[in-house]
Amino acid sequence: DCEIVIKNESVFELVEMAERGEVDCFISTSGNLPNGFSTREIKEESIFLGVPKAWTINRQLQENPGDYRALENMELISMESNQPLQKGIRQFLKEYQISMSQHVTVNQVSTGIALAAMGTGAVFASEEALKNSKYSGQLEIYPLPEAIFERSIYIAFYEGRYISKMCQAFITLLQKEE
């Protein structure tokens, strides 16, 4: 018998759950986990910018692809500061010398996408999150430079615990999906 339970939690919470033995393994966007954890890269993904379709900035972004200065002072839906995606967002904004107003902070990308679709702000999200969101049709999606905005996805597990055969099979399956 096997039970698979999907949890949608922050990396910090998943680490704590693994330490308590509540989960055998988890998918992480950070390879930088506390001592005792092992990670294996399962894929790389690109990050995109989602802008509400009604925003006039879309014209500038479409006419001048790659010129992100148009984002200056625009509203941004940001992630919590300790999340790997937010670290990448800060790097991108610094690299392009862009200041955006960060008036809304969320802890899940799916929430950010939903808020962006309602016109609350622009959002940075992975291709997978956008593809799986029912709100992505309400956003203009712009690719970002891979050199700055590509990230790895890892399967992580606590080395101090027995890894069940089912968990090992899950890890192997995810690594083959690459």
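Engineer: Just to check I follow, could you spell out the nonpolar core for this structure?
Structural biologist: Side chains of a nonpolar character, in soluble globular proteins, are inclined to be buried together. Core analysis: the biggest nonpolar cluster contains 33 residues, and Leu-49, Val-51, Leu-71, Phe-92 and Phe-124 have the highest contact counts within it. Excluding residues that lie within four positions of it along the chain, Leu-49 makes contacts with Leu-71, Ala-122, Val-123, Phe-124, Glu-140, Ile-141, Tyr-142 and Leu-144. Residues Leu-14, Val-15, Val-23 and Phe-37 belong to the second largest nonpolar core, which totals 10 residues.

Engineer: Can you help me understand the packing of aromatic side chains in this one?
Structural biologist: Given two aromatic rings, one states the distance between the centres and the angle between the planes to describe the pair. Across all of its chains, the model carries 6 aromatic pairs by this definition. Arranged with centres 5.0 Å apart and planes meeting at 40 degrees, the rings of Phe-92 and Tyr-96 form a pair that is tilted. We classify Tyr-96 as partly exposed; its relative accessible area is 29%.

Engineer: Mind showing me how you'd approach a negative patch on the surface here?
Structural biologist: Together, Glu-9, Glu-13, Glu-16, Glu-19 and Glu-80 make up a negatively charged patch on the protein surface. The topology assignment puts Glu-19 in helix α1 (residues 11–19). Assessed through its relative accessible area of 35%, Glu-19 is described here as partly exposed.

The rules behind these values
Residues numbered from 1 in each chain as written. Predicted model: local features only at pLDDT ≥ 70, side-chain atom pairs only at ≥ 80, totals over all residues. Heavy atoms only, no water. Core = buried A, V, L, I, M, F, W, Y, C linked by side-chain atoms within 4.5 Å. Buried < 20%, exposed > 50% of the residue type's maximum accessible area, 1.4 Å probe, protein only. Contact = heavy atoms within 4.5 Å. Phe/Tyr/Trp six-rings, centres within 6.5 Å; stacked < 30°, edge-to-face > 60°. Patch = residues over 30% accessible without salt bridge, like charges linked within 9 Å, V, L, I, M, F, W, Y side chains within 5 Å. Areas by Shrake-Rupley, 256 points an atom, 1.4 Å probe, with all protein chains shown as cover. Salt bridge = Lys/Arg side-chain N within 4 Å of Asp/Glu carboxyl O. Lys, Arg positive; Asp, Glu negative; His and termini not counted. Charge placed at Lys NZ, Arg CZ, Asp CG, Glu CD. Helix = DSSP H or I, 4+ residues; strand = E, 2+ residues; numbered from the N terminus.

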